[in-house]
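Observations on the three-dimensional arrangement
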Amino acid sequence: MSLVDQMDTVTDASAGTVDRHATTDTFASTNPASGAVVGVFPLHDAEAVRQTVERARGASERWAALGFDGRAKRLAAYRGYLARRLNELADLVHRENGKPHADAILEISLAIDHVAWAGGHARKTLGPRKVHAGMLAANHAAYLEYQPLGVVGVIGPWNYPVFTPMGSLAYALAAGNAVVFKPSEHTAAVGAWLAAAWRAAVPDAADAFQVVTGYGETGAALCRAGVGKLAFTGSAATGKKVMATCAENLTPVLLELGGKDAMIVDDDADVAAAADAAVWGAMSNGGQTCIGIERVYATSAVYDQFVAEVTEQVRTLRPGSDGEASYGPMTMASQVDVVQRHLEDAAGSGARLVHGDADPGLFRNQNYLVPTVVLDAPETSAAVREETFGPTLTITKVRDAEEALEKANASAYGLGGAVFSRSKARGMDLARRMRSGMTSVNSVLTFASVPALPFGGVGDSGFGRIHGEDGLKEFTRAKAITRQRVALPVNLMSFGRPPSAADALARVMGMVHGRHR
Ligand code: NAD
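The paragraphs below set out a description of the structure included in this document.

Attention now moves to the overall build of the chain. When its secondary structure is counted, the chain shows 17 helices and 18 strands. With respect to the three principal axes, the spread of C-alpha positions in the chain is 90 × 65 × 40 Å. A total of 517 residues make up the chain; the buried ones form 54% of that total. Once local pairs closer than 6 in sequence are excluded, the contacts in the chain between residues at least 24 apart make up 72%. Total accessible area on the chain stands at roughly 21,700 Å², and carbon and sulfur atoms take up 54% of it. Between the averaged position of the 50 positive side-chain charges in the chain and that of its 54 negative side-chain charges there is a distance of 12 Å.

Quick look at the site of the ligand now. Among the 29 residues in the neighbourhood of the ligand, the closest are listed as Lys182, Glu185, Thr238, Leu257 and Glu387. One of the backbone nitrogen or oxygen atoms of glycine 156 is found 2.8 Å away from an oxygen atom of the ligand. Between threonine 238 and the ligand, the recorded distance is 2.7 Å, taken from a side-chain N or O atom to an oxygen atom. Those elements giving two or more residues to the shell around the ligand turn out to be α8 (216–223), β8 (229–233) and α9 (236–247). Looking at the shell around the ligand residue by residue, the classes come out as 13 nonpolar, eleven polar and five charged.

Sheet analysis places strand β3 (residues 129–131) next to strand β4 (residues 140–148), joined by three bridges and oriented antiparallel. Note on β4: the bridge partner recorded for arginine 129 is leucine 144. Of the strand pairs in this sheet, β4 and strand β18 (residues 476–484) are connected by nine bridges, and their pairing is antiparallel. Its bridge partner lying in β18, leucine 144 is registered against alanine 480.

It is worth spelling out the nonpolar core at this point. Residues Tyr78, Leu194, Met263 and Phe306 are the most contacted members of the largest nonpolar core, which totals 119 residues. Among the elements that line this core, the one with the most residues is helix α7 (residues 188–201), at ten residues. Residue assignment places this core across two domains, with domain 1 (43–257 + 468–476) and domain 2 (261–449) each supplying three or more. Those residues in contact with phenylalanine 306 that sit more than four places away from it in its chain are Met263, Val265, Val271, Ala274, Ala275, Ala278, Val296, Ala298 and Ile395.

Another aspect to go through is helix α14 (residues 401–409). Every buried residue of α14 is accounted for by Ala401, Glu403, Ala404, Leu405 and Ala408. On its buried face, α14 sits against β10 (261–265), β11 (293–299), β14 (392–398) and α15 (424–433).

What follows covers a nonpolar patch on the surface. Side chains of Met135, Leu136, Val490, Leu492, Met493, Leu505, Val508 and Met511 sit close together on the surface and give an oily, nonpolar patch of about 790 Å² of accessible area. Tracing the chain through its elements places methionine 493 in the loop between β18 and α17 (501–513). Classification of methionine 493 as exposed rests on a relative accessible area of 81%.

Its location among the elements puts serine 381 in the loop between β13 (372–375) and α13 (382–385). Side-chain polar atoms of serine 381 contact the backbone oxygen of proline 378, separated by 2.7 Å. Leave out the neighbours within four places in its chain, and serine 381 touches Asp345 and Ser349.

The tally for this structure, following the rule as stated, stands at ten aromatic pairs. Joined through ring pairs, the aromatic side chains of Trp63, Tyr78, Trp198 and Phe209 make up one cluster. Over the ring of phenylalanine 68 we find arginine 71; its NZ or CZ atom is 4.9 Å from the centre of that ring. Taking NZ or CZ as reference, lysine 99 lies 3.8 Å from the ring centre of tyrosine 160, over its face.

Rules used throughout
- Residues numbered from 1 in each chain as written.
- Predicted model: local features only at pLDDT ≥ 70, side-chain atom pairs only at ≥ 80, totals over all residues.
- Heavy atoms only, no water.
- Helix = DSSP H or I, 4+ residues; strand = E, 2+ residues; numbered from the N terminus.
- Buried < 20%, exposed > 50% of the residue type's maximum accessible area, 1.4 Å probe, protein only.
- Contact = heavy atoms within 4.5 Å.
- Areas by Shrake-Rupley, 256 points an atom, 1.4 Å probe, with all protein chains shown as cover.
- Lys, Arg positive; Asp, Glu negative; His and termini not counted.
- Charge placed at Lys NZ, Arg CZ, Asp CG, Glu CD.
- Near = heavy atom within 4 Å.
- Polar contact = N/O pair within 3.5 Å; in protein donor to acceptor, adjacent residues only side chain to side chain.
- Nonpolar A, V, L, I, M, F, W, Y, C, P; charged D, E, K, R; others polar.
- Pairing = 2+ DSSP bridges.
- Core = buried A, V, L, I, M, F, W, Y, C linked by side-chain atoms within 4.5 Å.
- Domains from an automatic or database assignment.
- Patch = residues over 30% accessible without salt bridge, like charges linked within 9 Å, V, L, I, M, F, W, Y side chains within 5 Å.
- Salt bridge = Lys/Arg side-chain N within 4 Å of Asp/Glu carboxyl O.
- Phe/Tyr/Trp six-rings, centres within 6.5 Å; stacked < 30°, edge-to-face > 60°.
- Lys NZ or Arg CZ within 6 Å of the ring centre and 35° of its normal.

Below you can see the structure in the form of structure tokens.
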């Protein structure tokens, strides 16, 4: 089948959401395990992106006019559609991203739960409410509501091609915005599928969810296309470019960037549980998880046992593309070099590497990486400082949890993290003091599966929040309204006020506030 024929297949499936006539150039996304073409997509240029945003703008007013209940009903139809076709979408994620089918099901399930939460909580979080007008405006009623921004641009990564963008898409839609989604060029078929699913499930508001495809230039064009906000998820380096491009038109940005998440294992931890969680947090999805555990700081009391448990578990992991594989190939071939560089740098600076038993020579496709534990790498090494994004884990011995916290926090990143301690007070205290947007105590990654909790980072991990009430508000502007209920005999904000009015006000302020010291 020719590239254009395949593109027709893809565009048919997406029912017009990817307009192949907008541009003649195309690109292909491939299966990282086999190299087979998964789909061929238009390379949307600036004009095509602009037209798509205008189409979404037309739809945004009708979508907003549906109100919270009308939108909730349609978001429910969308989640029903996704749930009924979970296996079909999981198969596509498996083929295009490379992760095991079971992991794709988990990812999509989390995304569906977020669609449900966003649709179900938008009215309560964003709807009009009366607020107390306060002493100085007691004769007024005061109202607060959160209004949509119009069109929200969403640029996504490839590592969680459903869950990650859905944290912006579902919440922006629930808040009353239309969305234009630019999926990663590595997972364009999943992006087109999500948009096609919307058109099928919500035919009367089909244009509220558009997709454009292409490389970074297409993303930059979306930044310049006059969207009300740009929600970006990807690397810190690209995030800086996105922010600079958006600054040209003062387009606000939400930046969900990379991480170097740490786990602290305290003296009183359940060491077996901590090891199990660390291995999953570090190695699942081949370590290509923004909130993956990349560093562990274990106290000297538990270090030996922890290392023994982790290395034993890691030995049994096997990358592959079959149903039994622990994780898949690296989605981006270029990431293999980054991981190798970090491991070589760590080994060269005195760290001890413990590899899994899986033999890389067995694999024809060298995009499979053997899991590797890095023991006591210097804090200055790339494996500790930079995002590795591979099936690796550094474990470092520390005196106590305070030293662990100090080292965990000495990172430019600050996305998620984990603490293992049997003491509730100790665990919560360490979690609070961890410099990150999210921390799980006695588990890993759990915060991502709680729709009511905001998701986002600090420092080089970005700013702004998806998920939860904060995630809904992120895609709105707060609107304040006052309505005078009754006119007072003396109006302080009028040139007609009597000269004595200011003195009277000063006396009242003295009585109400002056007693506080
Ligand atoms: P990336 O930064 O290379 O690309 C992300 C997206 O940006 C892609 O769609 C790409 O086409 C687009 N893009 C590239 N250049 C652009 C430009 N100049 N202007 C506009 N758009 C542009 O990231 P990636 O490799 O796809 O994803 C991996 C990164 O994403 C990791 O750092 C990971 O930690 C991070 N990530 C973060 C989160 C989070 O929620 N914080 C979630 C998933 C992934």
